[in-house]
Amino acid sequence: MNHSERLAKLERVFAPADFEDRVLAALAVRKREMPARRRALLFRRAAAGSAAVLLAGLAALNLFVLRGPSSSAILAGSEAGLSDYNITEPVDYRSDLQTAANSTDAVYILERVSEASHTLIKY
């Protein structure tokens, strides 16, 4: 038996009398609700977009403005168990110069000395 013979043996079914009216009423309700759904969807997308822009702004602020020590430098110091110490010691060369001036074999090396260090010295 093929499908057309089986369908021919089945009893014919009709839609209820008010079926068309109920479908049209449901469509009218959906058309009225559609702008509210669109507003809700637009609000959700705007909230998600503004949150993404806010997070990107905070990340850029942290990356370019609030730069602290790099994480690799922090990790390198903590792994080695060492800390950086700034060492500043006053040096008095007067006694060396006086003894060298009294000696006949004195050699003077003139070098520019600055109080400010432009690079960090780590010991």
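Before going into details, it helps to say that this report is about the structure given with it. Bear in mind the structure is a predicted one, so any value in this text is a computation, not a measurement. (Residues numbered from 1 in each chain as written. Predicted model: local features only at pLDDT ≥ 70, side-chain atom pairs only at ≥ 80, totals over all residues. Heavy atoms only, no water.)

**Some words on the overall build of the protein chain**
Now for step 1: Along the backbone of the protein chain there are four helices and zero strands.
Now for step 2: Order of helices (α) and strands (β) in the protein chain, N terminus to C terminus: α-α-α-α.
Now for step 3: Counting across all 123 residues of the protein chain, residues that qualify as buried make up 0%.
Now for step 4: Carbon and sulfur atoms provide 60% of the accessible area of the protein chain, an area that totals close to 12700 Å². (Helix = DSSP H or I, 4+ residues; strand = E, 2+ residues; numbered from the N terminus. Buried < 20%, exposed > 50% of the residue type's maximum accessible area, 1.4 Å probe, protein only. Areas by Shrake-Rupley, 256 points an atom, 1.4 Å probe, with all protein chains shown as cover.)

**Quick word on a nonpolar patch on the surface**
Now for step 1: Where nonpolar side chains cluster on the molecular surface, the patch consists of Leu54, Leu55, Leu58, Leu61, Leu63, Phe64, Val65 and Leu66 and spans about 840 Å² of accessible area.
Now for step 2: Note on Leu63: relative accessible area 48%, which makes it partly exposed. (Patch = residues over 30% accessible without salt bridge, like charges linked within 9 Å, V, L, I, M, F, W, Y side chains within 5 Å. Salt bridge = Lys/Arg side-chain N within 4 Å of Asp/Glu carboxyl O.)

**A look at helix 2 (residues 19-64)**
Given 3.6 residues per helical turn, the α-helix brings residues three or four places apart onto the same face.
Now for step 1: A rise of 1.5 Å per residue sets the reference length of helix 2, with its 46 residues, at 68 Å; its end C-alpha atoms lie 65 Å apart and thus fit the reference within 8%.
Now for step 2: At Glu33, helix 2 is deflected by roughly 35 degrees, the largest bend along its length, and proline Pro35 occurs up to four residues later in sequence. (Expected span 1.5 Å × (residues − 1). Bend = angle between axes of the 7 residues up to and from the residue.)

Function cannot be inferred from these measures alone, as they are strictly geometric.
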